[in-house]
Amino acid sequence: SKPFQDFREFAKGVSGLFPENVQEINKKIDEYARGIVSGGTLFEELGFYYVGPIDGHDLDNLVPILEKLRDSPSSKPVLLHLKTEKGKGYPPAESASDKMHGVGKFDLATGM
């Protein structure tokens, strides 16, 4: 969530003011808190930087996250967990939960 991300950024800035051994402890606390909030500890243990879950339809929130990930100096692989609803915003797909997963050509207006 945006408030959690903002708090983490603030805490990282404050943590940088402490001696290195305290920074390492703060890093462990951050990892633990992320695991509790996001459930990403499994992915973190596998070497991924886990981000999410995020509303994949909220572009005002999603685009800045993608930009931060793109501009990050980290070389770790990223697992971005987006929650979306199939077909959101396109009525033919919203009303047909069993169709339009791997589609060929179709008429955009009718969905057929």
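A. View of the overall build of the protein chain. Summing up its helical and strand segments, the protein chain has 5 helices and 2 strands in all. The secondary structure elements of the protein chain, listed N-terminal to C-terminal, are α-α-α-β-α-β-α. Here the protein chain, with 112 residues, has 17% of them falling under the buried criterion. Here the analysis covers contacts within the protein chain between residues at least 6 apart in sequence; of these, 43% occur between residues at least 24 apart. Element-wise, carbon and sulfur atoms account for 60% of the exposed surface of the protein chain, whose accessible area totals about 8,500 Å².

B. Region of the structure containing the environment of alanine 93. Checked against the element boundaries, alanine 93 lands in helix H5 (residues 91-94). For alanine 93 and glycine 111, which are 18 residues apart along the polypeptide, the C-alpha to C-alpha distance reads 7.4 Å.

C. Representation of the pairing of strand E2 (residues 78-83). Where strand E1 (residues 49-55) lies against E2, 5 bridges are found, and the strand directions are parallel. Bridging across to E2, valine 51 finds its partner in leucine 80. Running through helix H4 (residues 59-71), the crossover from E1 to the neighbouring parallel element E2 is right-handed.

D. Up close: unusual backbone geometry. Along the chain, glycine 52 connects to proline 53 via a cis peptide bond; the corresponding omega equals -5°. Following the sequence through the fold, proline 53 ends up in strand E1.

E. Fine view of a negative patch on the surface. A cluster of acidic residues, Asp55, Asp58, Asp60, Glu85 and Glu94, forms a negative patch at the surface. Turning to its location among the elements, glutamate 85 is positioned in the loop between E2 and H5. Using a relative accessible area of 52% as the deciding quantity, one classes glutamate 85 as exposed.

F. Quick look at a nonpolar patch on the surface. Residues Phe7, Phe10, Val14, Leu17 and Phe18 make up a contiguous nonpolar surface patch of roughly 560 Å² in combined accessible area. With respect to the helices and strands, the residue valine 14 is situated in helix H1 (residues 2-15).

G. Spotlight on the pattern of salt bridges. Counting across every chain of the model gives 1 salt bridge. Across the pair arginine 70 and aspartate 71 runs a salt bridge whose closest N-O atoms are separated by 2.9 Å. Its relative accessible area of 51% is what places aspartate 71 among the exposed residues.

Reading the values: rules and limits
- The residue numbering used here restarts from 1 in each chain and proceeds along that chain's sequence as written.
- Under the rules for a predicted model, residues below a pLDDT of 70 receive no local features and side-chain atom pairs below 80 are neither given nor counted, while totals for whole chains, interfaces and linings still include all residues.
- Excluding hydrogens and water, the side-chain figures rest on all heavy atoms present in the structure.
- Every helix listed is a DSSP run of H or I at least four residues long, and every strand listed is a run of E at least two residues long, numbered separately from the N terminus.
- Exposure classes here rest on a 1.4 Å probe applied to the protein chains alone. A residue is buried below 20% of its type maximum, exposed above 50%, and partly exposed in between.
- Contacts were defined at the residue level, with two residues in contact if any of their heavy atoms lie within 4.5 Å.
- To be clear on the numbers: accessible area is Shrake-Rupley with a 1.4 Å probe, and residue cover counts the displayed protein chains and nothing else.
- Only when DSSP finds a minimum of two bridges between them are two strands counted as paired.
- With the strands aimed away from the viewer, a crossover counts as right-handed if its path from the first strand over the helix to the second runs clockwise.
- Residues with no salt bridge and a relative accessible area higher than 30% make up the patches, which join like charges within 9 Å and nonpolar side chains (Val, Leu, Ile, Met, Phe, Trp, Tyr) within 5 Å.
- By definition here, a salt bridge exists when the distance from a side-chain nitrogen of Lys or Arg to a carboxyl oxygen of Asp or Glu is within 4 Å.
- None of His or the chain ends enter the tally, which takes Lys and Arg as positive and Asp and Glu as negative.
- Note that the charge is assigned to NZ on lysines, CZ on arginines, CG on aspartates and CD on glutamates.

Geometry only, nothing functional implied.
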